[in-house]
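Secondary and tertiary structure notes
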Amino acid sequence: MTKRIIVDGPDCAPATLILAHGAGAGMDTEFMNAFAAGLADQGLRVVRFEFPYMAERRQTGKRRPPDREPVLRRTWLEVIAAVDARPLIIGGKSMGGRIASLIADEAEVAGLVCLGYPFHPTRKPDQLRVEHLRAIRTPTLILQGERDAFGSAEEVRGYKLSSQVRLHWLPDGDHSFKPRSSSGRTQDENWRDAISVTADFVKRRA
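Notes on the structure follow. Since we're looking at a predicted model, the values are computed, not measured.

What counts, and at which threshold
- Residues numbered from 1 in each chain as written.
- Predicted model: local features only at pLDDT ≥ 70, side-chain atom pairs only at ≥ 80, totals over all residues.
- Heavy atoms only, no water.
- Helix = DSSP H or I, 4+ residues; strand = E, 2+ residues; numbered from the N terminus.
- Contact = heavy atoms within 4.5 Å.
- Axes fitted to C-alpha atoms, helices over the stretch in contact; angles between N-to-C directions.
- Parallel < 35°, antiparallel > 145°, perpendicular 65-115°, else oblique.
- Left-handed = near helix turned anticlockwise from the far one by under 90°.
- Core = buried A, V, L, I, M, F, W, Y, C linked by side-chain atoms within 4.5 Å.
- Buried < 20%, exposed > 50% of the residue type's maximum accessible area, 1.4 Å probe, protein only.
- Expected span 1.5 Å × (residues − 1).

What about the side chain of S162?
By the element assignment, S162 lies in the loop between α5 (153–156) and β7 (165–170). Beyond its immediate stretch of four places on either side in the chain, S162 contacts L133, R134, A135 and I136.

Below, the structure is given as structure tokens:
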């Protein structure tokens, strides 16, 4: 397990949120930095970490594909044990949030937040990754861009998901919630909206 983490927000926060990165970029992207800082400004403690393959990339500079799912799941459980905070909410960007969703019930966390869930691979809408979301018991918030190539509003609204899953749509957003300029909406507006909704969800779980 990687030992490097980043912590934002006060130690006396009402709840701790652990966020994992997506498949292609690490824990300190503009997206991850913005969400960690925004949630910390809301009085929450935010912990970020990297999966082994990304930590290795940072050390060697060599790109490699994500670790296999068992390694990703084990890393999540190890991070949860190491942070040892309650109440604890877990989640992350894309793949990071998906793996968190696979172990949320097992880890008995207070909540789950997925920042752009990859409901299916791009251009492969029949290869769904929702089976566990139909029965998940952990209170779950999924923030999704309306035109996300990994699951658009039109597609996802037809899925049967657990009653514990709440969807919040970011207007005209893509997988990182960025809207087209023609929409009249800005990325900053969608990010602020997503941060506000996430902060409210986390505080309610506390």
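Back to the text.
Topic: the packing of helix α1 (residues 30–41) against helix α6 (residues 187–205)
Where α1 contacts α6, the axes come no closer than 10 Å and their chain directions differ by 50°. With respect to their mutual orientation, α1 and α6 come out oblique. Crossing handedness for the pair α1 and α6: right-handed. Only Q187, W191, A194, I195, T198 and A199 of α6 make contact with α1, whose side of the interface consists of E30, F31, A34, F35, G38 and L39.

Quick look at the nonpolar core
Core analysis: the largest hydrophobic core is formed by 35 residues, its most contacted members being I18, F51, W76, I80, I90 and F119. It is helix α4 (residues 95–107) that contributes the most residues to this core, six residues altogether. Beyond its immediate stretch of four places on either side in the chain, I90 contacts L17, I18, W76, I80, A100, I103, A104, V109, G111, L112 and V113. One finds V46, L115, F177 and V202 within the second-largest nonpolar core, a separate group that totals 24 residues.

Details of α6
With 19 residues, α6 extends 27 Å from end C-alpha to end C-alpha; this agrees with the ideal 27 Å at 1.5 Å per step. Looking at α6, one finds that the buried residues are N190, W191, A194, I195, V197, T198, A199, F201 and V202. Its buried side turned inward, α6 meets β2 (16–20), α1, β4 (88–93), β5 (111–115), β6 (140–145) and β7.

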